[in-house]
Amino acid sequence: MAEEEEQDQSTTANVTTMAEEQSSSSSISHKTIKRFDSFDIESRTYLGHGSHDGSKVMKWSTVLHLAFQSIGIVYGDIGTSPLYVYASTFPNGIIKHEDDILGAFSIIFYTITLSTLVKYVFIVLRATDNGDGGTFALYSLICRYAKVGLTPSEQAEDTNISNFKLELPTKRVKLATWVKSRLEKSDIAKYFLLIVTFLGTSMLIGDGIFTPCISVLSAVGGIKEADPSMTQDKIVWASVAILIMLFMVQRFGTDKVGYTFSPLLLLWFALISSIGLYNFIKFDWTVIRAINPGYIVTYFIRNKKDAWLSLCGTVLSITGAEALFADVGHFSVKSIRISTCFITYPAIILAYAGQSAFLRKHPDLVSDIFYKSIPGPMYWPMFVVAILAAIIASQSLISGTFSIVQQSLSMGCFPRVKIIHTSATHKGQVYIPEVNYLLMVACVAVTLGFKTGVQLGNAYGLAVVFVMIITSSFLVIIMTVIWKTHILLILLYIVTIGTMEVMYLTSVLYKFDQGGYLPLAFATILVTIMFVWHNVYLRKYKYESNNKVSPQMVNDIMNNIRITRMPGIALFYSELVQGIPPIFKHYVQNMPALHSTLIFVSKKSLPISKVSPEERFLFRRLEPKELNMFRCVARYGYRDSHKESEPFEKMLVDKLKEFIMKKNSEEVISSSNEQEELLRSDEIERIDKAFNDHGVVHLMGESQVFAGAGANLGKKILIDYAYDFLVRNLRQSSNHSFDIPHKRMVKVGMTYEL
C-alpha cells in the first residue's frame, strides 16, 4: 500500500488516465491497477498538493504594491483598536493603582506581540493553502494530508491513501502518522473538525458584523468632546448612516476600495504613532517598563477578579488579527508581513505607549482616553481621520467574510450565492451581493439595538477569541501531522499562546449575558444553515452514487431503436463524479433524442485553493467507442473563478480533442493499420464539425428532494422543511457555476426520495 501512496503522490494530474501512467511504472502491478476504476482514481488527483505556502516568484514592485493595498483592507480593525481598548479595560472609569496602567499596557503589549506578530505573521501565515487563508484553508490542508474530509467524491478505495509521501520513520514522523491514523479512523473526529470549521467560519462572519458597529460608534462618539450636547441617539443614527454608505461601496471591489482606503489608513497610522510618541515623551517615558511581564503578575495579584475581567477589554487590542490570515488571499504572504512589521505593529505599540503615558498623569480620563490624549490643535483633524479609519476598519472583516463564504460554497457547505470577481489581476478579490446586504442589515440592527460600545465590546471579544482558539487548534494539528514540528516547539506554542487564548476565553464567557450571547446566536444560525446544506448535499450524492446508471444499461439505452442521434454536442451536467447519474435514464425515457457527441460533466471541488486551467479537465471514453460518449470531471479549488478567460464549452471541447489525440497516438503505436488511423483522425473532424456547425447544448441536471416513506421526524424536518426553505429562499440558479449561455441551456429535473 505504501507503494500506491508513493505513486499517488508523484503522479501529475493530466488529461490522460492514471491507469496509463501507472502501467508504465514497475512499482505497481497490473493486478493492482485492475482493482480500481482508472477514472475514479484520476478524478481524485491534482497538482500542487505538496505545496501549501502559496509561494510564487513575485517581483518586489508587485509585493510592495500589494503591501500598500493591504493597509487599506487588512489593518483597519486592529489599527482602530486604540479608540476603545483602554475604555473597555477599565469600564467603570476608575484606575485603583498607578501601576495598574503598566500592568494593562504590559498585557496589551504581549497580547499584540504574541498573537498578531508571533502567531499570525510568523506562524499561521506559513499555513496558507497555496497563498489563501482562513478557517477553510486550514481545514483543507488537514483534509489533504489526512483523510478526514467528508466530501462526497471521496470513495472507499482511498480511505487508506494519503496525499503526502511517506518519510523515514523518525520520532516526529511516527507521531504524525499516529495522529493522522487516529483522525482518519474516527468518524467523530471527522464530523467534529467539520463542525468546528463551520463554527470558526460563522464566528469570523460575526466579526464582520461587530467590527463596523463598535469602530464607527467609538469614532463618532468623539464629537462629544467638541459638542457636549450631542446625544447618544444622534451618534447612533449618524453611525448607521455611515455604515450604510460603507456597504454600498463594496460593489466596486477590493482593488478600488484598497486604493481609496490605503492612503487614509497610512495617514491614520502616522497620526496615532506621532501623537503616541508625543505623549510618551511629554508625560512619562518610563512606561517602557511595561516590557517587564512582572507587571502583569503584580496587576493580577493586586486586582484579582477585576484584573481577570479586564481581559475582556485588552483582548480588543487584537481584533482584526484574524483578518491578516483571512485576507491573505487578496494579497500575498510577503506583502502582509512587510506591512505588519514595518507599519502596523510599530504604530499601534506607539499609540498604546502614548495613551499609557498620558494615563499616568491623568488616570481619571480613562473613559475618553483616545480623544483626551490628543493635543488641542489636532482634535478636529484626528476626529475626521478617526471616522474615516473606523470606516476602513470595517473593510478588513467584510472582505474576509466574502472570502470565507466563497470557500464554504466551493466546498459544498453553503447555499449557492452570486460570486462576483472584482479584479482581473487578483482572483482572490470577490464581492457577494447577498452577503453584503445581509451584513448591512445585521450591522444596522446591532448598532440600533446596543447603542453603546460596552456591550458591543463583550460580544465582539467573544467572537474574536473563539476564532483565534479554533485557528490555534487547527494549527497544532498542522504542526503535528504536516510540518512534523518538534514536540517541544508544539508544547511551547500551547503553553504560551494557547494558555493566553484560554485565559481570554474564560474572561469573555463571564460576560455572556452582557452581550456575549450575540455572536453565539449568530453562529448558531449560520452553523445550522451550513450543516443542513452540507448534510443534504451528502445525502443527494449518496443517492446518485447508489442509483447510477451502469455501463451495460448505457449500452442498452443507446442501442434502443427509439433513441435518435442528432448532430451536435451535448454537455450533461451533474454533481456525480463516479459514474453516470440516474437523471440521465430519466431524461432519455422522456426525451428519446441525444446528440451525436454526449459528454457527462461533473464539477469536483478539491481541497486546494486553485487548479490551473491546464489541469482543469479529466476525460474518459465510454465504451464501446461507437457510442461517442465521454465522462469529464471539471476540477476547481475553493478560490477558483468559474468564469474562465474563454467560454467554458470551448475550453472543454479543446481539451477533449487533446485527450482523443493523445489516446489515438498511443493506439497508433500499437497498431500499424492505416485505415484505423484515418478513422481516428475523422473523430476529431466530426467533433470540430459538430461544435462549429451545430454548437453545444447544455443539459443541467437538477434534483428536488424529499424525505422518503418511513423517515423519522428529524429527517423530515431536515429535508422537507429546513433544506427546502434554503433552496426556495437562498439558492440561485445552478448555471452560476460555469459560464453557460442561457439560450442553449436546458434544465432536466428529477425528484429524489432520500
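Residues numbered from 1 in each chain as written. Predicted model: local features only at pLDDT ≥ 70, side-chain atom pairs only at ≥ 80, totals over all residues. Heavy atoms only, no water.

*Asks:* Sorry, what's going on with the overall build of the protein here?
*Replies:* A count of helical and extended segments in the protein gives 29 helices and 8 strands. For the protein, the proportion of its 754 residues judged to be buried stands at 59%. Within the protein, contacts between residues at least 6 apart in sequence are counted, and of these 84% link residues at least 24 apart. In the structure as shown, the protein presents an accessible area of about 30,700 Å², 62% of it carried by carbon and sulfur atoms. (Helix = DSSP H or I, 4+ residues; strand = E, 2+ residues; numbered from the N terminus. Buried < 20%, exposed > 50% of the residue type's maximum accessible area, 1.4 Å probe, protein only. Contact = heavy atoms within 4.5 Å. Areas by Shrake-Rupley, 256 points an atom, 1.4 Å probe, with all protein chains shown as cover.)

*Asks:* Would you mind going over helix α9 (residues 135-145) with me for this structure?
*Replies:* Residues that lie three or four places apart on an α-helix share one face, since the helix turns once every 3.6 residues. Where burial is concerned, most of α9 is hidden: 11 out of the 11 residues are buried. Listing the buried residues of α9 in full gives T135, F136, A137, L138, Y139, S140, L141, I142, C143, R144 and Y145.

*Asks:* Is there a simple way to think about the environment of K689 in this case?
*Replies:* Topologically, K689 is positioned in helix α28 (residues 674-694). In this structure the C-alpha to C-alpha distance between K689 and G568, which are 121 residues apart in sequence, comes to 8.2 Å.

*Asks:* Looking at this model, I keep getting lost on the pattern of salt bridges. Mind explaining?
*Replies:* Pairs may arise between side chains of opposite charge once their charged atoms sit close together. By the definition in use, this model includes 11 salt bridges. The partner of R360 in a salt bridge is D99, with the nearest N and O atoms 3.3 Å apart. Of the two residues, R360 is situated in helix α18 (residues 333-361) and D99 in helix α8 (residues 99-121); the sequence distance between them amounts to 261 residues. Classification of D99 as partly exposed rests on a relative accessible area of 22%. A salt bridge links E658 to K655; its shortest N-O distance comes to 3.6 Å. On the criterion of helical spacing, the pair formed by E658 and K655 is a turn pair, its members being 3 residues apart in helix α27 (residues 648-669). Note on K655: relative accessible area 16%, which makes it buried. When salt bridges that share partners are traced, they join K650, D654, K657 and D688 into one network. (Salt bridge = Lys/Arg side-chain N within 4 Å of Asp/Glu carboxyl O.)

*Asks:* Help me understand the sheet that holds strand β8 (residues 745-753), please; the structure alone is not making it clear to me.
*Replies:* Sheet strands associate in pairs through backbone hydrogen bonding, adopting either a parallel or an antiparallel arrangement. Read from one edge of the open sheet, 6 strands run β5-β6-β4-β3-β7-β8, paired in mixed fashion. In this open sheet, the two strands that pair with only one neighbour each are β5 (617-622) and β8. Taking each pair of neighbouring strands and ignoring which way they run, the sheet shows an average axis angle of 25°. Where strand β4 (residues 593-605) lies against strand β6 (residues 629-636), 8 bridges are found, and the strand directions are parallel. When the bridges of β6 are listed, S602 appears paired with V633. (Pairing = 2+ DSSP bridges. Axes fitted to C-alpha atoms, helices over the stretch in contact; angles between N-to-C directions.)

*Asks:* I would appreciate a short explanation of the environment of G708 in the present structure.
*Replies:* With respect to the helices, strands and loops of the structure, G708 is situated in the loop between β7 (696-706) and α29 (713-729). Measuring from C-alpha to C-alpha, the distance between G708 and I719 comes to 9.8 Å, with 11 residues separating the pair along the chain. Setting aside its immediate chain neighbours within four residues, G708 contacts E753 and L754.

*Asks:* Mind showing me how you'd approach the nonpolar core here?
*Replies:* Generally speaking, a soluble globular protein has its nonpolar side chains buried in company with each other. Residues Y75, Y86, W268, F269, F370 and Y371 are the most contacted members of the largest nonpolar core, which totals 172 residues. With 17 residues, the single largest contributor to this core is helix α22 (residues 453-481). Look past the residues within four positions of F370 in its chain and what remains in contact with it is P82, L83, W268, I272, Q355, M382 and A386. Judged by nonpolar contacts, the second largest core, of 33 residues, contains F584, L718, Y723 and V748. (Core = buried A, V, L, I, M, F, W, Y, C linked by side-chain atoms within 4.5 Å.)

*Asks:* Can you walk me through α18 in this structure?
*Replies:* The end-to-end C-alpha distance of α18, which contains 29 residues, comes to 41 Å, matching closely the 42 Å that a straight helix rising 1.5 Å per residue would cover. Maximal helix bending in α18 amounts to about 45°, located at T340. (Expected span 1.5 Å × (residues − 1). Bend = angle between axes of the 7 residues up to and from the residue.)

*Asks:* I would appreciate a short explanation of the pairing of β4 in the present structure.
*Replies:* Here is the key point about a regular strand: its side chains alternate between the two faces of the sheet. Of all the 13 residues making up β4, 10 are buried; the element is thus mostly covered by neighbouring parts of the structure. Sheet analysis places strand β3 (residues 564-574) next to β4, joined by 9 bridges and oriented parallel. Its bridge partner being in β4, L571 is matched across the sheet by I599.

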